[in-house]
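Breakdown of the fold
Chain by chain, the residues run as shown.
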Amino acid sequence: MNDRFLAVCRGDAPDATPIWFMRQAGRSLPEYRALRATHDILTLCRTPELAAEVTLQPVRRLGVDAAILFSDIVVPLEAMGVALKIVPGVGPIIESPIADESGIDSLAPLSPEDGVSYVLETIGILRKELDVPLIGFAGAPFTLATYLIEGGPSKNQARTKALMYGAPKVWHRLMHVLADSMLAYLRAQVSAGCQAIQLFDSWAGHLGPIEYGEFVLPAVKRIMDGLKASGVPRIVFGVTTGELLGLIAESGADVVGVDWRTPLDVARTRTGEAVILQGNLDPAVCLAPWETVRARAGDVLERGGGRNHIFNLGHGVLPDTDPATLKRLVDFVHDWRPDA
Ligand code: CP3
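The present account deals with the structure reproduced in this document.

What counts, and where the lines are drawn
- Residues numbered from 1 in each chain as written.
- Predicted model: local features only at pLDDT ≥ 70, side-chain atom pairs only at ≥ 80, totals over all residues.
- Heavy atoms only, no water.
- Helix = DSSP H or I, 4+ residues; strand = E, 2+ residues; numbered from the N terminus.
- Rg over C-alpha atoms; globule rule 2.2 N^0.38 Å.
- Buried < 20%, exposed > 50% of the residue type's maximum accessible area, 1.4 Å probe, protein only.
- Contact = heavy atoms within 4.5 Å.
- Areas by Shrake-Rupley, 256 points an atom, 1.4 Å probe, with all protein chains shown as cover.
- Salt bridge = Lys/Arg side-chain N within 4 Å of Asp/Glu carboxyl O.
- Polar contact = N/O pair within 3.5 Å; in protein donor to acceptor, adjacent residues only side chain to side chain.
- Expected span 1.5 Å × (residues − 1).
- Pairing = 2+ DSSP bridges.
- Disulfide = S-S within 2.5 Å.
- Right-handed = clockwise from strand over helix to strand, strands pointing away.

**Structural notes on the overall build of the protein chain**
- Looking only at helices and strands, the protein chain has 16 helices and 9 strands in total.
- Radius of gyration (C-alpha) of the protein chain: 19 Å, near the 20 Å computed for a compact globule of 340 residues.
- Based on the C-alpha atoms only, the size of the protein chain along its principal axes is roughly 60 × 45 × 40 Å.
- Classification of the 340 residues of the protein chain by burial places 57% in the buried group.
- In the protein chain, of all internal contacts separated by at least 6 residues, the share reaching a separation of at least 24 is 72%.
- With the model as given, the accessible surface of the protein chain reaches about 13500 Å², and the carbon-plus-sulfur share is 51%.

**Some points on the pattern of salt bridges**
- In total, this model carries 16 salt bridges according to the counting rule given.
- Its salt-bridge partner being R61, residue E31 comes within 2.8 Å of it at the nearest N-O pair. In this pair, E31 sits in helix α2 (residues 30-36) while R61 sits in helix α4 (residues 48-62), placing the two residues 30 residues apart along the sequence.
- Note that R303 and D299 form a salt bridge whose closest N and O atoms lie 2.9 Å from each other. A residue pair is termed a helical-turn pair when its members lie 3 or 4 positions apart in one helix, as R303 and D299 do in helix α15 (residues 290-304) at 4 residues.
- Its relative accessible area of 35% is what places D299 among the partly exposed residues.

**Brief notes about the side chain of D65**
- With respect to the helices and strands, the residue D65 is situated in the loop between α4 and β1 (67-68).
- Here N2 takes part through its side chain, which lies 2.7 Å from a polar atom of the side chain of D65.
- Of note is the side chain of D65, whose polar atom sits 2.6 Å from the side chain of H334.
- Beyond its immediate chain neighbours, meaning those up to four positions away, D65 contacts N2, R4, F5, T17, P18, I19, V132, P133 and H334.

**Side note on helix α16 (residues 323-335)**
- Here α16 is 13 residues long and its end C-alpha atoms lie 19 Å apart, about the 18 Å a rise of 1.5 Å per residue gives.
- Three or more residues of α16 are buried, namely P323, T325, L326, L329, V330, F332, V333 and H334.
- Elements that come into contact with the buried residues of α16 comprise α1 (4-10), α2, α4, β8 (276-281), α15 and β9 (309-313).
- Two to three positions downstream of the cap, the backbone nitrogen of A324 sits 2.8 Å from a side-chain oxygen, assigning the N-cap of α16 to D322.

**Examining the pairing of strand β4 (residues 134-139)**
- Judged by how many residues are buried, β4 sits mostly within the fold: 6 of 6 residues are covered.
- The side-chain alternation of β4 yields two buried faces, one formed by L134, G136 and A138 and the other by I135, F137 and G139.
- Here β1 runs beside β4; their pairing, made up of 2 bridges, is parallel. Its bridge partner being in β4, A67 is matched across the sheet by L134.

**Let's talk about the state of the cysteines**
- According to the stated counting rule, one finds 0 disulfides in the structure shown.
- Free of any disulfide, C194 has its nearest neighbouring cysteine sulfur in C9, separated by 13 Å.
- The exposure class of C194 is buried, given its relative accessible area of 3%.

**Brief notes about the environment of A37**
- Within the secondary structure, A37 is located in the loop between α2 and α3 (41-46).
- Spatially, the C-alpha atoms of A37 and D201 are 29 Å apart, while their sequence positions differ by 164 residues.

**Things to note about helix α8 (residues 117-129)**
- Over its 13 residues, α8 extends 19 Å from the first C-alpha to the last, a length consistent with the 18 Å expected when each residue adds 1.5 Å.
- Elements in contact with the buried residues of α8: α3, α4, α5 (75-79), α7 (112-115), β4 and α11 (168-192).

**Focus on the pairing of β9**
- Within β9, 5 of the 5 residues are buried, which leaves it mostly tucked inside the rest of the structure.
- Neither face of β9 is open: one carries H309, F311 and L313, the other I310 and N312, and all of them are buried.
- In the sheet, β8 pairs with β9 via 5 bridges, with the strands oriented parallel. By the bridge assignment, N280 is partnered in β9 with N312.
- Taken together, β8, α15 and β9 constitute a β-α-β crossover, and its handedness is right-handed.

Given below as C-alpha cells:
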C-alpha cells in the first residue's frame, strides 16, 4: 500500500511529495471518453462496476498517490428528492430550484444506505482493487445551495445571496439541512472504506470573509466536527478562496486546498502551521510545453517547502489536457526533493 498521501495527512515526513489531481478521472482520459460514449455520467455514477472502473483509470495510467471516488456532488441531492440532470459542457441543472422555505421542506434528509447504496458498493469494490488510499467527497452546503437555488451554474450567485442576506433564518436552516445530510453521507463513505474525505466548496470564493464566517463557516465546521471521531483526514477545498484561507483553516480541516491564485507560501501565512496545504498548479499550465509545466510545478513545490504539502492542481484537470503531461508531472513531483 502506497502510504505517502496519508503519511503527509498525519503530519509525518513521506519519502516523496504525494500527488493526485482533482478531476483526475474524466474527459482528459481516452478510456473515460470511451465509456462515456455509451453511458451518461449519472449512469456511470450509479453503476458500481463502472464507477469503480472510472475511479481506477487514472490510478493505473498516471501513478497518482490517491484515488478519488468517481461520482458528482449532486448525486446525493438526487437521493434527497431533487430532480436533476448533468448537461455536458454546462454542469448540473435542477428541475425545480429552491425559492423559499417550502423548497427546504421538500428536501428529504439523506439516508445513505437507502438513497446512495450504489456509492457505498462502489467504495467496497474499490478498496479490494486499490493499492493507494481512496478519497471520498461531498459538496459543501454553500456550493450545493448555489445549484439548488440558481437551478444551475451561475456567474454571480445573485439569487443565492439574495436568500442569504434577505432571509438569514431560512438560509441557516438550508445550511443546516445540507450539512446534516452531507455529514451522514461522508460518515457512510468512511464506514464503507474511504480513507480520507474532501469537501468541495467550489463556489465559496463568491463570498468575502465576513459573509463566509457568518453564513457558511458554521455549516462547514459542523461537518468537520462530526467527522473528527472517524479519524480520517478531512480536506476542504474552494476556488478563489485566497481571502478565506484563514477561516477555512479554522473549520477544523486537516488539509486546506488552495487554488492557483494564492502562492502556497502566502497561503501558509494565512492558514498557520497546523494544517497541511494541498495544491496548487494552475490547471491551464498543463496545456503548455513540458519545460513550462516543469518550471511552474517546481515553483509550486518550492513554495510548498517540501513538507506538509500534497501536490495537486489549483482546480480540476481541464478536458483538453494530455494525460502524458499529467504522467510526467507525477514523476517529476515524486523525484523532486527540497533544495534539489
Ligand atoms: O476524478 C474526480 O475528480 C472525480 C469525479 C468528480 C466529478 N465531479 C465527475 C464529473 C468530482 C470530484 C466532481 C465534483 C464536482 N461536480 C464539483 C466540485 C469540484 C469542482 O470541480 O469544483 C462541482 C462544482 C461539480 C458540478 C459539476 N459536474 C460540473 C461543474 C460539471 C462539469 C460540466 C462540464 O461538462 O464541463 C459536472 C459534470 C462532471 N462531473 C464531469 C465529471 C467527470 C464532466 C463530465 C462528463 O463526462 O460529462
